[in-house]
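Spelled out from the first residue to the last, the chains are:
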Amino acid sequence: MSALLWVFTTTCARQTFVNEVLGGAYDSQAEHFLRGNVDVDAEAIGHEAMIVNDHVRMYFGPFPALLRIPLNLVYPAGHGKWSRISGFCAGSIALFAFSGLVRMALRASSLSSRARNWVGNASVVGFAFGSPLLLLLGNLSIYDEAIIWAFGLSLAAIFFVFRARQSEARALTRALLGFSLCAGGAFLSRGTFGAPLILVALFLVPEIVRQNNKITNLIALVLPLGAALIFYGCLSYARFGRITGVNFDYYINPVHAEFARNFGVFSPRRIPSSFADYFTFRLPSLHREPPFLAANRHSYNYPSLYSNDFSEVYLPVTWGSSWLIFGAIMGIICLIRRHGATGFHQAVAIALLAQFICILSFFLLAQRYAADLYPFLIFCFVIFLSSGGVALVRSRHVMIGLVGLSVIVNSLATVSWLVDADQNVPMKTKAVWEKLLGRD
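A few points on the structure. Only a predicted model underlies this, so the values are computations on that prediction, with no experimental measurement involved.

**Some thoughts on the packing of aromatic side chains**
Under the definition given, this model contains 36 aromatic pairs. Ring plane angle 80° and centroid distance 6.1 Å describe the contact between Tyr-75 and Trp-82, whose orientation is recorded as edge-to-face. Within the aromatic cluster, the residues linked to one another by ring pairs are Tyr-59, Phe-60, Tyr-143, Phe-248, Tyr-251, Phe-259, Phe-263, Phe-266, Phe-362, Phe-363 and Tyr-369.

**Side note on the environment of His-47**
Here His-47 shows up in the loop between helix H3 (42-45) and strand S1 (50-52). The partly exposed category is assigned to His-47, whose relative accessible area is 45%. Distance in space between the C-alpha atoms of His-47 and Gly-191 is 22 Å, their sequence separation being 144 residues. In this structure His-47 touches Leu-22, Tyr-143, Tyr-251 and Ile-252, once residues within four positions along its chain are discounted.

**Observations regarding the pattern of salt bridges**
Applying the stated criterion across every chain, the model contains 14 salt bridges. One salt bridge connects Asp-39 with Arg-57, and the closest N-O pair in it is separated by 2.7 Å. Taken together, the positions of Asp-39 in the loop between helix H2 (24-35) and H3 and Arg-57 in strand S2 (residues 55-57) put the pair 18 residues apart, joining distant regions of the chain. A single burial state applies to Asp-39 and to Arg-57, both of which are buried. For Glu-207, the salt bridge goes to Arg-165, with nearest N and O atoms at 2.9 Å. With a gap of 42 residues between them, Glu-207 in helix H10 (residues 191-209) and Arg-165 in helix H8 (residues 142-165) connect regions that are remote in the sequence. Given a relative accessible area of 24%, Glu-207 falls into the partly exposed group. Among the charged side chains, a salt-bridge network with shared partners connects Asp-27, Arg-68 and Glu-145.

**Some thoughts on helix H12 (residues 254-263)**
Along H12, the residues classified as buried are His-256, Ala-257, Phe-259 and Ala-260. For H12, the angular spread of the buried residues around the axis is 165°, confining them to a single face. Here H12 starts with a cap whose side-chain oxygen sits 3.0 Å from the backbone nitrogen of Val-255, and that cap is Asn-253. Residue Gly-264 follows H12 closely and has a positive phi angle near 85°.

Quick notes on the rules
- All residue numbers here refer to positions counted from 1 along the written sequence of the relevant chain.
- Thresholds applied to this predicted model are a pLDDT of at least 70 for local features of residues and 80 or more for the giving and counting of side-chain atom pairs; totals over whole chains, interfaces and linings are not thresholded and use all residues.
- By convention in this description, side-chain values take in all heavy atoms of the structure and omit both hydrogens and water.
- Two rings belonging to Phe, Tyr or Trp (six-membered ring only in the last case) form a pair when the distance between their centres is within 6.5 Å. Interplanar angles under 30 degrees mark stacking, angles over 60 mark edge-to-face geometry, and anything in between is tilted.
- Numbering of helices and strands starts at the N terminus; helices are DSSP runs of H or I of at least 4 residues and strands are runs of E of at least 2.
- Buried means the residue's accessible area, taken with a 1.4 Å probe over protein chains only, is under 20% of the maximum for its type, while exposed means over 50%, and partly exposed covers the values in between.
- The contact criterion used throughout is that any non-hydrogen atoms of two residues lie within 4.5 Å.
- Any carboxyl oxygen of Asp or Glu that lies within 4 Å of a side-chain nitrogen of Lys or Arg is treated as forming a salt bridge with it.
- Think of it as the arc spanned by the lines of direction from the helix axis to the C-beta atoms.
- Pairs of N or O atoms within 3.5 Å make up the polar contacts considered here, provided that, within protein, one atom can donate a hydrogen while the other can accept it, and that residues adjacent in sequence are counted only when both atoms are side-chain atoms.

See below:
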């Protein structure tokens, strides 16, 4: 799966060092960090700039910029062209973390060894090609690079949570350290992924207190994540004069800035409409020519809810990840059953549900934002695999079939979006895709 995703990310291994849309902004931010300030070059951030007291700032998470510092020191010729390598590394972390979660869950299941292999392998294929991972790797502009890092590190943090619950002594310390590092990285990539992990860290404290080496384990849990939070607060204050993050009053886009000022960036009033858009059964129109599905924007005009009069959700989660929706629903049933899951698992699910609800209350609708919905869905899916029992045995063939459906629909729709509708895909990349689709 990693090899196939590498081929997809680099457009059939033809394009590795590519200057993605605004991708050089992270390199510019890295240079300014080394100079001791938080500015960014105006030409690097372009139309996504924020102007604070005549200084140009960016609102994207700093984690990809921090990665650029050693990369540009080792290979200066890659300046501004690291997005695809960076995104592939993040995608690989996501893939391996998900694989690890599925493996741990299936060990506790009542499936036979053969059935475990089928379900486990199908789930990994489904995650690689029937989730937002494909879109994020297909377009690694500034908008998606931070999201895929947050997504990958968030899943890695969840993986270490399960490891911590199964470990003792030094293994527990390593698991807690891994969780803290990944949670901190996720928070520095995108706050909506990192915030629920802070709650999960608090839930881990009582577990640590009951173990030996309390001080060592608490340090492993608190130190990296605490350092990330302090850095984030200091950076936000230096950028916008407050520690809580972005201030859209400084945004040079007048439409979004005015809307955020009048109606807010997050609002619970948007939850029903957003849920309807992300989880409808709307399917892209069918075409005779490859890739056979035509993914595009659709009208979604709610002037007091969303700043745009359209939605970029080209494929609802119900089609793109139907296998995961099925497993997550079964996992939710396990969580609410009297003996289906522990109180700790229920608390973690609630924390991840907060992220799920948060993105539904956001003032924009886009396919890339659907990634925020997946940590909760994946957590519930893992709970189902580990405690599904007879239900898992009876439904495994249905789930494998849904994986096949999701992979086909999501792959075709994503290619259509990248080639025909996405404005942030480089023209050279689109040209390669069009040639592969036989459009020359």
